[in-house]
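Working through the structure, step by step
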Amino acid sequence: MEVALMAVGSVLLALGAIAIAIVVHAIGLGRVVSTGVLGLPGKRLRADAFTYRSAHRAATPLTWLAGSVAAVAAIGALVAAFAAGVEEWAVLAVLAAIVLVVGLVLATWRAHASLAADRPD
């Protein structure tokens with residue numbers, strides 16, 4: 001039972017990391033309209049449709065980087081759930097979560113920084 005729960009947690013973490021990257025990318029391409037639920041946080045990022053798209057476009061590379069690294073760590077946690085043990089699984093799962101959170105913070109910072117760069121002086 002414990003191995004099954006670790007495996008499910010690892011798969012959900014990997015799929016969630018990739019899903020976040022896909023959604024941010026789709027917003028940047030203009031395929032997803034502004035909603036209160038999807039997208040990077042910040043009222044300035046949702047000022048209008050153009051700002052929403054361009055800010056997410058600026059954040060896309062960091063989001064893909066964080067999402068893919070977190071997904072790889074989560075897949076490593078999945079392997080560890082079956083082959084190694086709870087300690088190894090926990091290290092890799094926490095590493096995946098930390099990479100994802102730090103990456104999304106940096107992507108949000110990049111999105112906000114792109115707004116300042118686009119502002120005429």
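Above this text sits the structure in question.
Quick caveat, the model's predicted, so the values are computed rather than measured.

Each value, and the rule that gives it
- Position numbers for residues start from 1 in each chain and track the written sequence from start to end.
- For a predicted model such as this one, the threshold for reporting local features is a pLDDT of at least 70, and the threshold for listing and counting side-chain atom pairs is 80 or more; totals across whole chains, interfaces and linings nevertheless cover every residue.
- Values shown for side chains rest on all heavy atoms present in the structure; no hydrogens or waters enter the calculation.
- Numbering of helices and strands starts at the N terminus; helices are DSSP runs of H or I of at least 4 residues and strands are runs of E of at least 2.
- Expected span of a helix, by definition, is 1.5 Å for each gap between consecutive residues, and there is one gap fewer than residues.
- Fitting one axis to the seven residues ending at a residue and another to the seven starting there, the bend at that residue is the angle between the two axes.
- Pairing of N or O atoms within 3.5 Å defines a polar contact, subject to two protein rules: one partner must be a possible hydrogen donor and the other a possible acceptor, and residues neighboring in sequence count only if both atoms are side-chain atoms.
- As used here, the term nonpolar core means buried Ala, Val, Leu, Ile, Met, Phe, Trp, Tyr and Cys residues forming a set that is joined through side-chain atoms within 4.5 Å.
- For each residue, the accessible area found with a 1.4 Å probe, counting protein chains only, is set against the maximum for its type, and the residue is called buried under 20%, exposed over 50%, and partly exposed in between.
- A contact between two residues is defined here by any heavy atoms of the two lying within 4.5 Å.
- Note on geometry: axes are lines fitted to C-alpha atoms, helical ones only across the stretch in contact, with angles between N-to-C directions running from 0 to 180 degrees.
- For classification, angles of less than 35 degrees are called roughly parallel, those exceeding 145 degrees roughly antiparallel, those between 65 and 115 degrees roughly perpendicular, and all remaining angles oblique.
- Two helices that cross are described as forming a left-handed crossing if the nearer one is turned anticlockwise from the farther one by less than a right angle, and a right-handed crossing if clockwise.

1. A word on helix H2 (residues 49-83)
Note that an α-helix has 3.6 residues per turn; residues three or four places apart therefore point the same way. Between its terminal C-alpha atoms H2 stretches 48 Å, which fits the 51 Å expected from 35 residues at 1.5 Å a residue. Where H2 bends most, at Thr-60, the angle is about 45°, and the proline Pro-61 comes one to four residues later. Where H2 begins, the side chain of Asp-48 points an oxygen toward the backbone nitrogen of Phe-50, at a separation of 3.1 Å.

2. Let's talk about the nonpolar core
One finds Val-24, Leu-40, Leu-45, Ala-55, Ala-59, Ala-107, Ala-111 and Leu-115 forming the largest nonpolar core, which totals eight residues. At the level of secondary structure, the elements contributing two or more residues to this core comprise H2 and helix H3 (86-118). Of all the elements, H3 adds the most residues to this core, at three residues. Judged by nonpolar contacts, the second largest core, of six residues, contains Met-6, Ala-77, Ala-81 and Trp-89.

3. Examining the environment of Trp-64
Its place among the elements puts Trp-64 in helix H2. Here Trp-64 falls in the partly exposed class, since its relative accessible area comes to 32%. Placed 42 residues apart in sequence, Trp-64 and Ile-22 show a C-alpha to C-alpha distance of 7.9 Å. With residues up to four places along the chain from it excluded, the contact list for Trp-64 reads Ala-21, Ile-22 and His-25.

4. Quick notes on the packing of helix H1 (residues 2-29) against H2
Two quantities define a packed helix pair, namely the angle between the axes and the distance from one axis to the other. The contact between H1 and H2 brings their axes to 7 Å, and the two run at 165°. Between H1 and H2, the angle falls in the class roughly antiparallel. Along this stretch, H1 crosses H2, giving a crossing that reads as left-handed.

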